[in-house]
Structures are given as structure tokens and as C-alpha cells.
Amino acid sequence: MKNIAVSGEHLVAPQGDEDISLDTSVLLEAASRLRVADPNIAGRALWLEAMVNHVPDFMYAKDRDGRFLYANRAIIEGNDLSSVDDIIGLTDFDLHGEAATDARISEIEQRVMETGEPDLGYEERAMRGGGDRWLMMSRVPLRDSSGAIIGIVGSSRDISAHKASERLMRAQNRILEMIVGSVAVPEFMDTLAELIEELAEGIRCAAVLFPPEDDIQTFKAPSAPNLQTPLFEALPSLSSRPNREAMARLAFENNGFLCFEIPSANGTNHGLIGISSTKNNLNRSLSEFLAGASRMAGIAIDRRQAEEQIRFLVVHDALTGLENRISLEARLPGILKSAELLSQKVTVGFLDLDNFKQINDTFGHAVGDELLKEVAGRLSRLTTGHDIVARIGGDEFVLVLHEHNQSFDDRLQRIRATVAQPLTIQGMDFKVSCSIGAAYYPSHGLIASDLFKAADLAMYKAKENGRNAVETFSEELLDSARRKFLRAEELRKAIQNDEFVLHFQPQIELTTGLVSGVEALVRWKHPLEGILPPSEFICLAEETGVIVELGEVVLRKACHQAKKWNMNGRRRVPVSVNMSPKQFQNAGVIDHVKAALSESCLDPSLLEIEITESSIMRDIGSAAGIMKDLTDMGVNFAIDDFGTGYSCLNMLKKLPFSRLKIDRSFITNTPDDEQDCAIVTAILTLARSLKLQVVAEGVETIEQARFLHLAGCEHGQGYFYSRPVCDLTIDALLDNQY
């Protein structure tokens, strides 16, 4: 027997298998003696017992065999007992059965008693109250007055709320990790469902998504019930997204699920998350978490979709969905390598829509975009799985075709013909042709860049040949391109080196035979090739944009020369200068004219600017503004090549023209061709009614001159009177007529 010291006296502790009731009686007897011997001590004991019973934590003492010596009220009530007497002498196994064994309570307590080391802050599931109930256990040895360990004292605290918060925090962190990691949507939703089911015992989770492609995706954690009810089976057959969402919501609710919406950034819902609980444990904090998790799921889906869209746009065209230049340049080398290993041929085709800009400018970009998408669809349908269709910008497409049972040329011709088929956009019918340039591997190049260059050259050749055609690359095309490039460089240097000179063709007043004006015509005084006519360089200047700078040179030179001719008391002779559409629509054209007049001191009324109808029709509003500003300065305007363009009579009425020039094509066959004579007569009648003077171009015979004079034409210009000549010849001509 061991003695327990109590207020100077010793109690005998039972040993071995002695009846535990002896221990209880000893404790009760000791307590009685304490109350009699020392009322103060007894009072303190009562206070201590009251305090222990009012603490919500579980507090107890056990002997070395794990039998309860004492337990506070929290333990008594927690085990559905009526008093402390009901638990004294019992073990955890007596109270909880195998759950106590699984919890290893006896093992842990024996270790504490054997080692004398406390076990503090050990977390374990409670043996009562469900799987979500957790306790934090602390156990220390119980010693007698001699220091010998005779049992164990323990306390435990219910940390279920804390553990629930930890689970919510872990789940939230995992969700955030998946959002940051941009996890694929199926994996995200499956993991989310599993995380939600781990939050509390008895929770079941299922989800349904409505992707943009009007498909349906369901995600269920393993413990979710089977929701493939007839309602869910009916979802794919519903025509609209709102109907599918409503039906999914009904399916959840009919199965006892609460619905949480998965919101998207565009204001709609990605889908629904359904939650049910067999334990009715969806408290406020858990419900708030589930609502937040649904919102985070929406963010995750938005982010993933945005990233997928970004990844798609890196290698695809945003408008048509076709591959773009980046993808094309990345894939083509591998295709060529495979073709080399298999000794196969590959065709690279450059396809450009004909006159697409005119459609875009006339009907707007919305129509143009729809047209491009339709063309892209047609091209995709005409290619096989291994071929590539790419849009590389504007109305330009690239085709990469593999060997097929049809020849490359036949396939390209079929593509050309299919693109040219009529189509309807916004109620309007269109028929757009295309020009295709083709280059073959390995004949026309071994690497992608060479094939691109060759196909591009062939495409431009198809354009030059009248469009709506397929052209195959040849070495002659390459040589021509090189010559064109070198000529363009020469042209730029020629402007810098002042190699351009003016020749002048006189305009004759038909009633008097006197010079009534001169037209300035540019020539290139090439250092090696001599004098080159405009046909050798004007088109190239237009194409390269040099025409604006060249036009300024011509304008300045013409104004300076006109000033010289109109000195010394001669008859006033105006000079006509042609302006290209690009020069006339250039933002600085008014300043350029002012500068030329100012530098030369020429009277503005002696400058006539000749423009074609196409220069005006590109932007009538802008053209009208430019013409008004210049006519306010005193400059005159003539419409050149009348009858060959739009011949818009309303334009003649509203714009400030002073002269009209009949194109040479109507003069060539007069007076023998009755139709040409009728057209010329009609133009002269129209001009007189609009108070416009007329100059007939291309007069080459006396018969033409007589016809024009009799028809009432005021002025003539052509080889019959004079070829274009240098300024000195014009100077002499002016001197001779006085």
C-alpha cells in the first residue's frame, strides 16, 4: 500500500486488483475529515471543485490502470452520465469500446506514466460527436507525496471550430494555388468538389458547367450522389443556355442540393455548384465559404479561359481563327524537313483578295470582316488535315499544301474558283476574286523564307496580269523584281541629284492659233540611259510613294519657268501641272503649292493644276476642301482625261473647275467615227452649259483640228501642234507669236 499525504495524514492507496471502491471510500473519508479538521481547507476544496466543474474543458484523473478517479462535469455530461460516481472506476474502453483502442489512449497514457514526461497539446478526434469533433489533449503524471507516479491527470479542449477553420483555410489556400497555377478547368472543378466534401462530415458536392461552345460538363466528387437523372439527361437537348441553367438548378434542388452560382466576368454564370449535407451542418461560416469558393471558381474559369484565349491568339488570327504568321513560320520548317525525308513536294501559296480595299472603304470594316471570315471558312474546307491555311494580315492568306491525288495547280485553281463564288453579307451580294502566287518545294526554295518570297512575287505577277489568276514562280520573276528594286533606288537618288527635267507641250487657242498655255511634263535625265519618258518611272514612283516628292519637284520647276515666260511684257501664258492622286490627297499639298508660288513669285492665276476624276472620287469631301483653299488663292483647276473615269456630272457642277480636258481616246478616230464625234460634241455642249473651257488632247491631224474648231472647242493640244519640247523651244515659240 502507498500513502497519499493529505493535510498531515496519510491515506492508503489501493494496489493491484483491490476493489476500486476502497479507493473511493478512502477519498470520501479523507474529504470528510478535512471538512471537520479545517473548515477553511474544506471551503477551498469546494471552490476548487466548483471552478473545475464550470470550466468547459474536460478535466480528469486516472490511476495507473486507466480507471477514472475523478472527472469534472463537462466529462460527465459529455458522456451522458448523471454524476461523477457513474464514471469512477471505469476506463475509456468501458465508455467508448474499440474507438478508445483506435485512438491509442491507453498507449499514450501509459507512456506518460512510465516516462514521467507530459504529453501536451496532442490533437485527436473525439470518440463521441462525429468525425468533425476534435479535442486537444494534455496529460501529466499524477504523483504522491513521495514523488512516485500513481496515475495521470488530463485535460482536453474542444477544438472543433478551430479545426473547421483550418480546413476552410487549407481549402481556400488550395483553391488560390490552383487559380495562380491556372489549373485546367476539369481538374480544378474535380479538386474543388473533393475539397468541399472534406470540409465537414456528410457534405456532398456536384457541379455542372455550361462552356461557351454550348456543351455540358458535370463534375462530381466520389461521395456525391448520382445526379444523372432524366432532368440532367435532358440538358443537352435544350436549345438555350438559360433553359439549361434553369433545368440544372431544378435537378439540384429536387435532389436536396443547395445551389451556388459560379459567376463569370461577363455577368453570366459559368455553371452551378450543388451542396447537400446529411448532418445538417451547413453553418454560417461554411455557407459563406461555399459562396466564396463558387466566386473563386468563377475567377479560376475566367482566368483559364483568358489564358487559353491568349495562347490561342499567339498562334491564331483573332478575326478568322486561322493560324497566323507566327504559327506558320514555326511549323513550316518542320513540314519542309518531313518533305525532304519522304522525298515529297510542298506548295506554298500566297493568296490576296482582289479590290478588297474598295469593299472595305465603301461598305465598312464590319462587312469587310465578315467577308474575310467567309473566305477563311472556304479555304479551310478546301484543305486537308495536314495542310495549313494562315492569315498573315489584311486580305492576305498563305496556303501550305501537301501532295494530293490532285495536282497543285488544279487544287489552287479550285481554291481560286471557290473564293470567287458569290456570297451574301448583310443582305448584299458580293463576288470577290483572288490572285494566287505559288512556289514549290524544293524547286523554288529549300527554306521557308525563300518560298515565301517566291510565292509573294508570283502573287504580284498574278495581280499585274489582270487579277483572278494563279501564277507560278519563275526565275524571270525574280530577275524582274531585282530590276524593279534597283530602279526604285535609282529613282530616289535621282530626286536627290536633281536628275528630273521638264519638257512642255503647248496648248493652242483654236480660233487664233496662238499659244494659250503649256503643260509641264517630267522627264528623267538618267546619267547612263539618257532621257527617259514618264512611262519608264511614273508607275514605279506611284507604287513606292516617291511620286509625292517628285510632284513637288515638278511643281517648283514649272512655277519658276512660268515666271520667266511671263516677264518682258509677253502675253500671259499659264502653266498646267499634273498632280497624282497621292500628291493631291497628301496632307501638305496646300503648303507645297504656296511654297512653290512664293519661291517663284508667280501669279497664282497662271498656275493650273490638272487632276483626274479618280483623285477626287477617293474622298470628295477632302478634295472639295483642298480645291476651295487653292482657288481662293487664285489657282485654277482642270479635270484631266474626262470621260475615262467616273464622269460624275454632279462633281463638275459642285467643284471649282475652270477647264475640262477631253481624253485623247475620244479624239483619235474623229472626224471619221460618228460615235466619237457625238461624244465629243456632247462633252463640248456640257462644258459650255457649265461655263467650262475645253482642251482637246491628242490632236494629231489637221482634220481633227478642223472638226474640233467647228464643234466649238476652244483649245487643242497634241503632236499636230507640237511634241513636248524644252523650255528654250517654248521661249522661242512665244517670241515668234509677237
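Residues numbered from 1 in each chain as written. Predicted model: local features only at pLDDT ≥ 70, side-chain atom pairs only at ≥ 80, totals over all residues. Heavy atoms only, no water.

Asks: Describe the packing of aromatic side chains, with residues and values.
Replies: Applying the stated rule across the entire model yields ten aromatic pairs. Aromatic pair F350 and F452: ring centres 6.0 Å apart, planes at 45°, arrangement tilted. Of this pair, F350 sits in strand β12 (residues 346–353) while F452 is found in helix α16 (residues 448–464), placing the two residues 102 residues apart along the sequence. Each member of the pair F350 and F452 is classed as buried. A centroid spacing of 4.8 Å and a plane angle of 80° characterise the contact between F504 and W565, whose relative ring orientation is edge-to-face. One end of the pair, F504, is in strand β19 (residues 500–509); the other, W565, is in helix α19 (residues 547–565), and 61 residues separate them in sequence. By the burial criterion, F504 is buried, and W565 matches it. An aromatic cluster is defined as three or more aromatic residues linked by ring pairs; in this entry it consists of F500, W524 and F537. Of note, K62 hangs over the ring of F68, and the distance from its end group to the ring centre comes to 4.8 Å. Residue placement shows K163 over the ring face of W134; its charged tip is 4.4 Å from the ring centre. (Phe/Tyr/Trp six-rings, centres within 6.5 Å; stacked < 30°, edge-to-face > 60°. Helix = DSSP H or I, 4+ residues; strand = E, 2+ residues; numbered from the N terminus. Buried < 20%, exposed > 50% of the residue type's maximum accessible area, 1.4 Å probe, protein only. Lys NZ or Arg CZ within 6 Å of the ring centre and 35° of its normal.)

Asks: An account of the sheet that holds strand β6 (residues 134–143) is requested, with residue identities and associated values reported.
Replies: What holds strands together in a sheet is hydrogen bonding between their backbones, with the strands either parallel or antiparallel. Pairing in this open sheet of five strands is antiparallel, and the strands run β4-β3-β7-β6-β5 from one edge to the other. Each edge of the open sheet carries a strand with a single partner, namely β4 (68–71) and β5 (119–125). Each strand axis lies, on average, 25° off the axis of its neighbour in the sheet, ignoring direction. Summarising the sheet, strand β3 (residues 58–63) and strand β7 (residues 149–158) pair through six bridges and their orientation is antiparallel. Counterpart to M59 in the pairing with β7 is S155. (Pairing = 2+ DSSP bridges. Axes fitted to C-alpha atoms, helices over the stretch in contact; angles between N-to-C directions.)

Asks: I'd love a proper account of the pairing of strand β10 (residues 258–263), names of residues and values included.
Replies: The two faces of a sheet get side chains in turn, since along a regular strand they alternate between them. Taken together, the six bridges between β10 and strand β11 (residues 269–277) define a ladder with antiparallel strand orientation. Within the sheet, the bridge partner assigned to I262 lies in β11 and is G271. Remark: five residues form the turn of the hairpin made by β10 and β11, two consecutive strands paired antiparallel; G267 in that turn has positive phi of roughly 95°.

Asks: An account of unusual backbone geometry is requested, with residue identities and associated values reported.
Replies: Cis peptide bonds are those with omega within 30 degrees of zero, and the linkage from Y441 to P442 qualifies with 5°. Looking along the chain, the bond that leaves T670 and enters P671 is cis, with omega of 0°. Structurally, P671 is set in the loop between α25 (664–667) and α26 (674–689). For D80, which is not a glycine, the phi torsion comes out positive at approximately 60°. Positionally, D80 belongs in the loop between α3 (73–78) and α4 (92–96). Positive phi outside glycine occurs at D641, with the angle close to 55°. Classification of D641 by relative accessible area gives partly exposed; the value is 24%.

Asks: Describe in detail the sheet that holds strand β17 (residues 434–441), supporting the description with residues and values.
Replies: Read from one edge to the other, the open sheet built from five strands follows the order β13-β14-β12-β17-β18, with strand pairing classed as mixed. Every other strand in the sheet has two partners, leaving β13 (388–393) and β18 (470–472) as the edge strands with one partner each. Averaged over all pairs of adjacent strands, the angle between their axes in this sheet comes to 20°, without regard to strand direction. Pairing analysis gives eight bridges linking β12 to β17, with the strands arranged antiparallel. By the bridge assignment for β17, L351 is matched with I436. Its contacts with the sheet place helix α14 (residues 365–381) against β12, β13 and β14 (396–402), and it is angled at close to 5° to β14. (Contact = heavy atoms within 4.5 Å.)

Asks: Summarise the side chain of E608; cite the residues concerned and give the values.
Replies: Assignment of secondary structure puts E608 in strand β23 (residues 607–612). Here R659 takes part through its side chain, which lies 2.8 Å from a polar atom of the side chain of E608. Apart from residues lying up to four places away in sequence, E608 is in contact with V575, S576, V577, N636, F637, A638, S658 and R659. (Polar contact = N/O pair within 3.5 Å; in protein donor to acceptor, adjacent residues only side chain to side chain.)

Asks: If you had to explain helix α15 (residues 408–419) to someone new, which residues and values would you point to?
Replies: Between its first and last C-alpha atoms α15 spans 17 Å; for twelve residues at 1.5 Å apiece the expected length is 16 Å, and the two agree. Listed in full, the buried residues belonging to α15 are F408, R411, L412, I415, R416 and V419. Seen end-on, α15 carries its buried residues on one side only, within an arc spanning 140°. (Expected span 1.5 Å × (residues − 1). Arc of directions from axis to C-beta.)

Asks: Tell me about the pattern of salt bridges, residues and numbers included.
Replies: Tallied over the entire structure, the rule returns 39 salt bridges. Across the salt bridge formed by D63 and R67, the nearest N and O atoms sit 3.0 Å from each other. Each member of the pair, D63 together with R67, is buried. The residue R411 makes a salt bridge to D387 at a minimum N-O spacing of 2.7 Å. Placement of R411 in helix α15 and of D387 in the loop between α14 and β13 is noted, with a sequence separation of 24 residues between them. We note that R411, like D387, is buried. Where salt bridges share partners, they join K62, D92, E109, R111, D119 and R139 into one cluster. (Salt bridge = Lys/Arg side-chain N within 4 Å of Asp/Glu carboxyl O.)

Asks: Explain empty space enclosed by the protein to me, and be specific about the residues and the numbers.
Replies: For the structure on display, the rule yields three cavities of 30 Å³ or more. Looking at the largest cavity, its volume works out to about 300 Å³. Looking at the lining of the largest cavity, the elements with two or more residues in it are β3, α3, α4, α6 (105–115), β5 and β6. Residue composition of the lining of the largest cavity, grouped by class: ten nonpolar, four polar and seven charged. Volume-wise, the second largest cavity comes out at about 50 Å³. Lining the second largest cavity we find M178, I179, S182, V183, V185, F188, A300, I301, R303 and R304. (1 Å grid on protein atoms, 1.4 Å probe; cavity = no way out; pocket = protein on both sides within 12 Å on 5 of 7 lines; lining within 4 Å. Points joined across faces, edges and corners; volume = space filled by probe spheres on them. Nonpolar A, V, L, I, M, F, W, Y, C, P; charged D, E, K, R; others polar.)

Asks: Got a sec to walk through the nonpolar core? Specific residues and values, please.
Replies: Of all hydrophobic cores here, the largest spans 78 residues; its most connected members are L607 and F657. Tallying contributions element by element places α19 first for this core, with ten residues. When sequence neighbours within four positions are dropped, the list of residues in contact with F657 reads I611, I616, M627, F637, A638, I639, L652 and L692. Membership of the second largest hydrophobic core comes to 31 residues, among which are I179, M189, F289 and L290. (Core = buried A, V, L, I, M, F, W, Y, C linked by side-chain atoms within 4.5 Å.)

Asks: Go over the pairing of strand β25 (residues 659–662) with me, naming the residues and quoting the values.
Replies: Here β25 shows no split at all, with R659 and K661 on one side and L660 and I662 on the other all buried. Across three bridges, strand β24 (residues 636–642) lies against β25 in parallel orientation. Paired with F642 across the two strands is I662, which belongs to β25.

Asks: How would you sum up the confidence of the model for the protein? Please name residues and give values.
Replies: Confidence in the prediction of the protein, expressed as mean pLDDT, is 85, and 87% of residues score 70 or more. In the predicted structure, residues 1–28 sits below a pLDDT of 50 and forms 40 contacts with residues beyond four places in sequence or in another chain. (pLDDT = per-residue confidence, 0-100.)

Asks: Lay out the packing of helix α13 (residues 356–363) against α14 with the relevant residues and their values.
Replies: Between α13 and α14, whose axes approach to 6 Å, the crossing angle comes to 140°. The angle between the axes of α13 and α14 places the two elements in the oblique class. Facing α13, whose interface residues are F356, I359, N360 and F363, α14 presents H365, V367, G368, L371 and L372. Residue composition of the contact of α13 with α14, grouped by class: six nonpolar, three polar and no charged. (Parallel < 35°, antiparallel > 145°, perpendicular 65-115°, else oblique.)

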